[in-house]
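Chains, contacts and geometry: an overview
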Amino acid sequence: MKSLISERARGLRLSKIREIFEIVAKMEDVVRLEIGEPDFDTPANIIQAAKDALDDGYTHYTSSAGILELREAIARKLARENRITVDAATQVAVTTGATSALFLTIQATVNPGEEVLLPDPGWPPYASIVQLTGATPVLYPLLEKEGFRARAHLIEPLITPRTKVLLVNSPSNPTGAVLDREGMEAICELAKKRDLLVISDEVYERIVFDPHVHHSLATLPGMTERAITVNSVSKTYAMTGWRIGFAAGPAEVIAPIPKLQLYANCHPTAAAQKACVAAYDGSESTVQEMVKSYQLRRDYMAKNLNELPGIKCPTPGGAFYLFPNIEGTGMDSMTFAKHLLEKGKVASVPGDGFGPHGQGYIRLCYAQSMEDLEKGVERMGKVTAALAKAGS
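Every value quoted in this text rests on a predicted model; they were computed, and no experiment measured them.

Overview of the sheet that holds strand 5 (residues 163–169)
If you walk across this open sheet you meet the 7 strands as 2-8-7-6-5-3-4, and the pairing is mixed. Pairing within the sheet leaves two strands with one partner each, and these edge strands are strand 2 (92–95) and strand 4 (136–141). Within the sheet, the average angular offset between the axes of one strand and its neighbour, ignoring direction, is 25 degrees. Bridge count for strand 2 against strand 8 (residues 245–248) is 4 bridges, and the pairing is antiparallel. Paired with Ala93 across the bridge in strand 8 is Ala247. Across the sheet, helix 5 (residues 97–109) is in contact with strand 2, strand 3 (115–120), strand 5, strand 6 (197–201), strand 7 (227–232) and strand 8; its angle to strand 7 comes to roughly 155 degrees.

Right, here's the structure in full:
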């Protein structure tokens, strides 16, 4: 009998995040620092907008590009916050979250046999999204000595005649690194020199801490026609479950995305799109309070983790992740993550789950209550102290 499963599906692997998740599911009293989402609820004005839309009968099909009202709100947001000018009708496509925006953009631009440059360590779905097109993911290193920032001189040697797209993520998942202006300018010059399309994943753009500043790659000279900005409401407005994102860029690239979306999921949820109009056009005070809270928690975690034996924890400039170096414990990433979970009941993600250059690190999400963070640090302290004692 012929195989019932396609080679495409068989080639997809479960991430190490899922491996840890399955272990956690069988345990009790675990401090869960592996889950990457805000611990806040969606702001009330956004929820109310969705309720109003439902009460008004907004429960029917919409355009596969997203409702024009939301695309116009996104265009205003891009002009106001990012200094990116786009035409709402032709240069913005609303998608079912940023994951879908990335998937559809890659589908729209990349052919089988071509190559896409991806950050390492980087968000695991990037590589799978590329593989599903029949293209090849090529990983470029993000090094601790460079602050985990993308660097043109480390990317250029990996470019071949088959390279089509360079993907940049700032602030970064999993490291929290924020790409500096100088580094971004060098990357843009490289993209122009080697004729690369650039996808800029900016889903954590609003979670940036002083003195760091987020720069949108599409604003740099010569990038208007070769940069696609991907973003969503998930992290900024604590709307991970609403599944609304967007891609914005050259009309030629954006045009196929609604057609592809039509055959994947038709269109994003109607009432959720209305809620996102309220998000982008509403008050930013709640977002500002969230970011202040994240910074307090980042500072607490980084300070206390750096006092633990065998741990070196850089202080990230954005997002809500820490990427501590655990090489001093004498363990590799997965061994340490499992040991921390089994002995300390603290869930983390092994760094090599984000790419080979993540080996020797773990990812911790500090978008949790201070009570849980304090408990997590205390438990990690006991685990690392026992390891240090055993190794002395």
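Focus: helix 8 (residues 181–193)
Along an α-helix, residues three or four apart share an orientation, since each turn contains 3.6 residues. Over its 13 residues, helix 8 runs 18 Å from end to end, which matches the ideal 18 Å to within 8%, given 1.5 Å per residue. All buried positions along helix 8 are accounted for by Gly183, Met184, Ile187, Cys188, Leu190 and Ala191. Down the axis of helix 8, the smallest arc covering the buried residues is 160 degrees, so these residues share one side. Exposed residues lying more than 90 degrees from the buried face of helix 8 are Glu182 and Lys193. On its buried face, helix 8 sits against helix 7 (152–155), strand 5 and strand 6.

Things to note about the packing of aromatic side chains
Applying the stated criterion to the full structure yields 12 aromatic pairs. With a centroid separation of 5.5 Å and an interplanar angle of 80 degrees, the aromatic rings of Trp123 and Tyr126 are classed as edge-to-face. Given the relative accessible area of 3%, Tyr126 is considered buried. Arranged with centres 5.1 Å apart and planes meeting at 65 degrees, the rings of Phe320 and Tyr321 form a pair that is edge-to-face.

Examining the pattern of salt bridges
Per the counting criterion, the structure on display carries 27 salt bridges. Note that Glu81 is salt-bridged to Arg206, the shortest N-O span being 3.4 Å. You can see Glu81 sitting in helix 4 (residues 68–82) and its partner Arg206 sitting in the loop between strand 6 and strand 7, a full 125 residues away along the chain. You can call Glu81 partly exposed: its relative accessible area is 30%. The partner of Lys164 in a salt bridge is Glu114, with the nearest N and O atoms 3.6 Å apart.

Focus: the sheet that holds strand 12 (residues 362–365)
The 3 strands are arranged 9-12-11 in an open sheet whose pairing can be described as antiparallel. Strands at the two margins of the open sheet, each flanked by one partner only, are strand 9 (321–322) and strand 11 (349–350). Alignment of strand 9 against strand 12, held across 2 bridges, turns out to be antiparallel. What sits directly across from Leu322, in strand 12, is Leu364.

Let's talk about the pairing of strand 3
Across the 6 residues of strand 3, 6 count as buried, placing the element largely inside the fold. What you see with strand 3 is no split at all: Glu115, Leu117 and Pro119 on one side and Val116, Leu118 and Asp120 on the other are buried throughout. Across 6 bridges, strand 3 lies against strand 4 in parallel orientation. Within the sheet, the bridge partner assigned to Glu115 lies in strand 4 and is Thr136. A crossover links strand 3 with its parallel partner strand 4, the connecting element being helix 6 (residues 125–131), and its sense is right-handed. Where strand 3 meets strand 5, 3 bridges bridge the pair, whose relative direction is parallel.

Thresholds, definitions, all that
- Here the residue numbering is sequential within each chain, running from 1 through the sequence in written order.
- For a predicted model such as this one, the threshold for reporting local features is a pLDDT of at least 70, and the threshold for listing and counting side-chain atom pairs is 80 or more; totals across whole chains, interfaces and linings nevertheless cover every residue.
- Derived side-chain values reflect all non-hydrogen atoms in the structure, with water molecules and hydrogen atoms excluded from consideration.
- A pair of strands is treated as paired once DSSP finds two or more bridges between them.
- In DSSP terms, a helix is any run of H or I states spanning at least four residues, a strand is any run of E spanning at least two, and both are numbered starting from the N terminus.
- Each axis is a line fitted through C-alpha atoms, taken for helices only over the stretch in contact, and angles between the N-to-C directions span 0 to 180 degrees.
- In what follows, residue pairs with any heavy atoms lying within 4.5 Å of each other are defined as contacts.
- Given a helix with a known number of residues, its expected span is that number minus one, times 1.5 Å.
- A 1.4 Å probe rolled over the protein chains alone gives each residue an accessible area, and that area as a share of the maximum for its type sets the label: buried under 20%, exposed over 50%, partly exposed in between.
- Each direction from the helix axis to a C-beta atom contributes to the arc, which is the arc of those directions.
- Classification of ring pairs uses Phe, Tyr and Trp, with its six-membered ring standing for Trp, and accepts pairs whose centres are within 6.5 Å; under 30 degrees between planes counts as stacked, over 60 as edge-to-face, and the remaining range as tilted.
- Any Lys or Arg side-chain nitrogen found within 4 Å of a carboxyl oxygen on Asp or Glu counts as a salt bridge.
- Crossover handedness is defined here as right-handed if the route from the first strand over the helix to the second strand goes clockwise, with the strands pointing away from the viewer.

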